[in-house]
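Structural features, examined
These are the residues of each chain, in order.
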Amino acid sequence: MATSTTEPATPRLDQAAALRALAFVLTLGVFLVDVLTPLEGAVAVLYVIVILVAARISLPDLLAASAASVALTALAYVVMHGFGHVGSPTLRVLASFSAIGIATLLAIQNRKATARLREQAQLLDLSHDMIFVRDAQGVIRFWNSGAENCYGWTSEEAVGRVADDLLATEYPTSRDEIEAELLRTGRWEGMLRQRTRSGATIIVESRWVLQRSGPGQPDRVLETHRDVTEREASHMALAQSERRFRRIFDASRVGLLQEDWSALRAELKRRIADGETDLPGQIERDPDFVARAKALVTITDVNAAFLEIAGADSPARFAGSLDTVLSEADQTFAASLIAFCRGDRFFEGETEIRAAGGRRVPVIFGLTFPDADESMDGEVLAFVVDVTERNNAQHALMAAQAELAHAARVATLGELTASITHEVNQPLAAIVTNGEAALRWLRRKEPDLEEVSTALTRAIDEGKRASAIVGRIRSFLKKGPIRRDLLDVSELVQDAMLLVERQLMTSGVTLRLAIDPKLPTIVGDRVQLQQVLVNLAVNGAQAMLATGGGSLSVQACAEGPEHIRISVQDSGPGISQEDAARLFEPFFTTKQDGMGMGLAICRSTVEAHGGQLSVESEPGEGARFTFTLPAAPTESQDDPARQQRLEG
Ligand code: ADP
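Residues numbered from 1 in each chain as written. Predicted model: local features only at pLDDT ≥ 70, side-chain atom pairs only at ≥ 80, totals over all residues. Heavy atoms only, no water.

1. Description of the overall build of the protein chain
Worth spelling out the cut-off: For helices the rule is a DSSP run of H or I covering at least 4 residues; for strands it is a run of E covering at least 2, with both sets numbered from the N terminus onward. Just to be clear, the radius of gyration here is over C-alpha atoms, and the globule rule we use is 2.2 Å times residues to the power 0.38. Three labels apply to residues, based on accessible area from a 1.4 Å probe with only protein chains included: buried if under 20% of the type maximum, exposed if over 50%, partly exposed otherwise in between. The contact definition used throughout considers only heavy atoms, calling two residues in contact when any of these lie within 4.5 Å. For the area figures, the Shrake-Rupley method with a 1.4 Å probe applies, and any residue is considered shielded solely by the protein chains shown. Charged-residue counts in this description rest on Lys and Arg as positive and Asp and Glu as negative, His and the chain ends being excluded. The atoms used to mark charge sites are NZ of Lys, CZ of Arg, CG of Asp and CD of Glu.
Scanning the protein chain from N- to C-terminus turns up 21 helices and 17 strands. Taken against the 2.2 N^0.38 rule, which gives 26 Å for 648 residues, the C-alpha radius of gyration of the protein chain at 56 Å runs more than 25% over that of a compact globule. Residue burial in the protein chain is summarised as follows: out of 648 residues, 38% are buried. Taking contacts inside the protein chain between residues at least 6 apart in sequence as the whole, the part at least 24 apart equals 61%. Surface exposure of the protein chain reaches about 36600 Å², of which carbon and sulfur atoms provide 56%. Distance between charge centroids for the protein chain: 2 Å, based on 66 positive and 86 negative side chains.

2. Things to note about the side chain of S69
Its place among the elements puts S69 in helix α3 (residues 59–81). Note on S69: relative accessible area 0%, which makes it buried. In this structure S69 touches Y47, I51 and I100, once residues within four positions along its chain are discounted.

3. Some points on the sheet that holds strand β10 (residues 380–386)
Hydrogen bonds between backbone groups are what pair the strands of a sheet, and the pairing can be parallel or antiparallel. As a reminder of what qualifies: Here a strand pair is declared whenever DSSP counts at least two bridges between the two strands. Axes, fitted as lines to C-alpha atoms, cover a helix only where it is in contact. Angles between the N-to-C directions of the axes lie from 0 to 180 degrees.
Overall, antiparallel pairing links the five strands, which are arranged β7-β6-β10-β9-β8 in an open sheet. The open sheet terminates on both sides in strands that have one partner only, identified here as β7 (298–302) and β8 (346–354). Averaged over all adjacent pairs, the angle separating strand axes in this sheet is 30 degrees, with direction ignored. Against the sheet, helix α9 (residues 229–251) engages β6 (255–260), β7 and β10, with an angle of about 125 degrees to β6.

4. What about the pairing of strand β5 (residues 217–227)?
Where strand β1 (residues 130–135) meets β5, six bridges bridge the pair, whose relative direction is antiparallel. Residue pairing for β5: M130 is matched across the bridge by H225.

5. Here we look at the packing of helix α18 (residues 526–545) against helix α20 (residues 598–608)
A pair of packed helices is characterised by two quantities: the angle between their axes and the separation of those axes. Which entries qualify depends on this criterion: Each crossing gets its handedness from the near helix: less than a right angle anticlockwise from the far helix is left-handed, clockwise is right-handed.
Between α18 and α20, the shortest axis-to-axis distance is 10 Å and the interhelical angle comes to 145 degrees. For the crossing formed where α18 meets α20, the hand is left-handed. Contact residues: Q528, V532, N535, L536 and N539 in α18; G598, L599, C602, T605 and V606 in α20.

6. Describing the UniProt feature "transmembrane region" (unreviewed entry) in the protein chain
Just so we agree on the cut-off: UniProt positions are given in the numbering used here, feature names are shortened, and annotations may be inferred rather than shown by experiment.
The feature "transmembrane region" (unreviewed entry), as given by UniProt, occupies residues 22–55, 62–83 and 89–108 in the numbering adopted here. Strand forms 0% of residues 89–108 and helix 100%; the C-alpha atoms that close the span are 28 Å apart.

7. Quick notes on the UniProt feature "domain: PAS" (unreviewed entry) in the protein chain
What UniProt calls "domain: PAS" (unreviewed entry) maps, in this numbering, to residues 116–182. As annotated, residues 116–182 has a helix share of 52% and a strand share of 15%, and its two end C-alpha atoms lie 27 Å apart.

8. As for the pattern of salt bridges
Note the threshold: What counts as a salt bridge is simple: a side-chain nitrogen of Lys or Arg found within 4 Å of a carboxyl oxygen of Asp or Glu.
In total, this model carries 26 salt bridges according to the counting rule given. Taking the shortest distance from any N to any O, the salt bridge between R246 and D250 comes out at 3.5 Å. Pair noted here: R246 and D250 are both in helix α9, with a separation of four residues, about one helical turn. Overall, R246 belongs to the partly exposed group, its relative accessible area being 27%. Overlapping salt bridges bring together E267, R270, R271 and D274 as one network.

9. Examining the site of the ligand
Worth spelling out the cut-off: Residue proximity to a molecule or strand is established when one non-hydrogen atom of the residue lies within 4 Å of it. Polar contacts here mean pairs of N or O atoms no more than 3.5 Å apart (in protein, one a potential hydrogen donor and the other a potential acceptor; neighbouring residues in sequence count only if both atoms are side-chain atoms).
The local shell around the ligand holds 18 residues, among which D570, T589, T590, K591 and L599 are the closest. One of the side-chain nitrogen or oxygen atoms of T590 is found 2.4 Å away from an oxygen atom of the ligand. Between G596 and the ligand, the recorded distance is 3.0 Å, taken from a backbone N or O atom to an oxygen atom. Mapped by element, the contributors of at least two residues to the shell around the ligand are α18 and α20. Of all the elements, α18 adds the most residues to the shell around the ligand, at three residues.

10. Description of the pairing of strand β15 (residues 563–570)
Every other side chain in a regular strand lies on the same face of the sheet, so the side chains alternate between the two faces. As paired elements, strand β14 (residues 550–559) and β15 share eight bridges and run antiparallel to each other. Within the sheet, the bridge partner assigned to L552 lies in β15 and is D570. Joining the antiparallel neighbours β14 and β15 is a turn of three residues, in which G560 adopts a positive phi near 65 degrees. By the bridge criterion, seven bridges tie β15 to strand β17 (residues 623–630) in an arrangement that is antiparallel. Looking across to β17, one finds that H563 is bridged to P630.

11. Considering the nonpolar core
Counted only if it meets this: Take the buried residues of types Ala, Val, Leu, Ile, Met, Phe, Trp, Tyr and Cys, join any two whose side-chain atoms come within 4.5 Å, and each joined set is a nonpolar core.
Counting residues in each nonpolar core, the largest one holds 40 residues, and the members touching the most others are L533, I566, F625 and F627. For I566, the contacting residues outside a window of four places in its chain are V489, V493, L533, V554, Q555, A556, F625, T626 and F627. Formed by 37 residues, the second largest nonpolar core is a distinct cluster that contains I283, A355, V363 and F365.

12. Quick notes on the packing of helix α1 (residues 13–36) against α3
Rules: Should an angle lie under 35 degrees it is considered roughly parallel, over 145 roughly antiparallel, and from 65 to 115 roughly perpendicular; all remaining angles are considered oblique.
Relative orientation of the contacting elements α1 and α3 amounts to 15 degrees, with a least axis distance of 9 Å. Looking at the two axes, α1 sits roughly parallel to α3. Here the hand of the crossing between α1 and α3 comes out right-handed. Contacts from R20, T27, F31, D34 and V35 of α1 reach α3 at D61, L72, T73, L75, A76, V79 and M80.

13. Some remarks on the confidence of the model for the protein chain
Inclusion rule: Scored from 0 to 100, pLDDT reflects the predictor's confidence in each residue.
On average, residues of the protein chain carry a pLDDT of 86, and 90% of them reach 70 or more. Counted against residues more than four places away or in other chains, residues 1–8, with its pLDDT under 50, gives 24 contacts. Between residues 641–648, whose pLDDT stays under 50, and residues either more than four places distant or in other chains, the model counts 12 contacts.

14. Some points on the packing of aromatic side chains
Threshold: Between rings of Phe, Tyr and Trp, where Trp is taken as its six-membered ring, a pair exists when centres lie within 6.5 Å; planes separated by under 30 degrees are stacked, by over 60 edge-to-face, and by other angles tilted. Charge over a ring is defined by NZ of Lys or CZ of Arg lying within 6 Å of the ring centre and within 35 degrees of the ring normal.
By the definition in use, this model includes 12 aromatic pairs. Residues Y171 and W208 carry aromatic rings whose centres are separated by 6.1 Å and whose planes lie at 90 degrees to one another, so their mutual orientation is edge-to-face. With Y171 in the loop between α7 (163–167) and α8 (175–185) and W208 in strand β4 (residues 201–214), this residue pair connects regions lying 37 residues apart in the sequence. Residue class for Y171 comes out buried when judged on its relative accessible area of 18%. Pairing F245 with F249 gives two aromatic rings, centres 5.7 Å apart and planes at 40 degrees, and the pair type is tilted. One end of the pair is F245 and the other is F249, both in helix α9 and four residues apart, which spans about a single turn. Members of the aromatic cluster, each reached through a chain of ring pairs, are W261, F333, F340 and F369. We note R134 situated over the ring of W208; from NZ or CZ to the ring centre the distance is 4.9 Å. Above the face of the F584 ring, R603 is positioned so that its terminal group lies 3.8 Å from the ring centre.

This is the structure we're talking about:
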């Protein structure tokens, strides 16, 4: 153990032997002086010195020295004065006895006190804290083993040195202020920076207690230090990471929300405790539960970028539940709740948020759930990106594509009309000329039947030529080269509907899609088939314009093992039986600016793909256009070689 500032501990063996020898010599000396010199004094009182020396060795040595001193004092008295003589020598001897006795008692008490102090010092050594005692000048008087271990100096090295110099202590405020507080209150606490023997700088939590030797007299200071370098370092790292997070949160150009999901977690747990075994199922079935759950999520912070997206001035507008952010049309919360229940770390989706002035802003968002650690439920982060511009651009693109599809159709029809006009006009003109000539030959007083016959034969020939031209155009239309790609029906339908989505929306039409997910693929020309779908959908929307909107439902399902069936049904006025009979004829239209070629082309496209297009309609009940297409032969579904052949 370390050295104490009080009494020396039991001396080492060689020291003890030296002290014993000294005690013996002193004893002998005092006895000889007592016996041999005629001094009239209490020489035996000098045995007190022997006792003080023996007291430094051990208790038995002390008692032995004390007994020997008494015995030798008595022996000297008897030798010098004999028995029975009572006088001043007797008084001197008694005084010597008393002195020896008192010295022994004091020495015993002193040893006990020393032992007690040593015990206390040993207790201080048990502490892992660094404890030292210094005097008013700062000189170290006691240094425990905790201080030895941490600072690196042994007790022998530290005791006697000035603490501040040894440890290069740096104080949080001026040393004088600290000393003044210590004197005033008797204690001081604070954080210090010190240096160890190896040169490392450590941070210590320090407590000082002042011990006074008399009223107002500072004597010793007990300093207890705890090494908190690591704790401080991790605190600082934490604080730094918190500051970094704050900076990112505040400066991020992505909208950020911090949300607290802990009340929601508690509610979910309560439900599980109440016996609910299928939370995801309940979330899907019970919209009221989802609404209540949403109200349990609170927003704790939002950043500037989010305020900008929402057009808000202050975060106070969002100090409440998620309801203040998500629009009532939001469909994503239930899905995010299921992800949360499942223990997912991340969820992303697309929704609309409530912005200032009742606006709705379309956003894509990501939610990060910290992890299974429930104490982090208060720190769910949502990343929000405004996609208004992206959506606008997308819609503009789609409108442009739809227009392009329409323009392509109109262009085809325009070319067609021009060529029909050009090719058919000639024979028609010839028919008319020949007809008129025949009439003229007939109206003569003497009709020239020969000429009439020639003119009529020419007219008939021209008529046949016109018919042949029309036939050629029709067959051209039918046999236009089509691509033969493997197509996924669901993709085909969805892509086509994306093209008309915007037009349907502006016509007040709700679109419903019902596509059997297990449909076989088909073989055909993506663009042409999409034009069929676009045509049917646009016709439906135009028909519903009269009723100010309605619903358009597109269904795709299997038709037997080898075909698929796609139908486009509207809730418009429907088609009269009379019109229905002519609907697919080229140039049949009831629209002012209609060309009447859409359905004719649709039918020829579907037929060119090996399918059939038909219509059913009850007037007033809307119309349903249905077409079938053959499924791709099964061996071709996963065969790239076959795909290549198809494309070739
Ligand atoms: P256009 O659209 O140029 O008139 P179409 O061949 O596409 O040419 O259509 C022919 C006619 O069929 C339309 O003018 C309309 O009278 C009728 N028609 C087509 N689709 C529908 C529908 N969904 N509901 C009612 N009538 C329809």
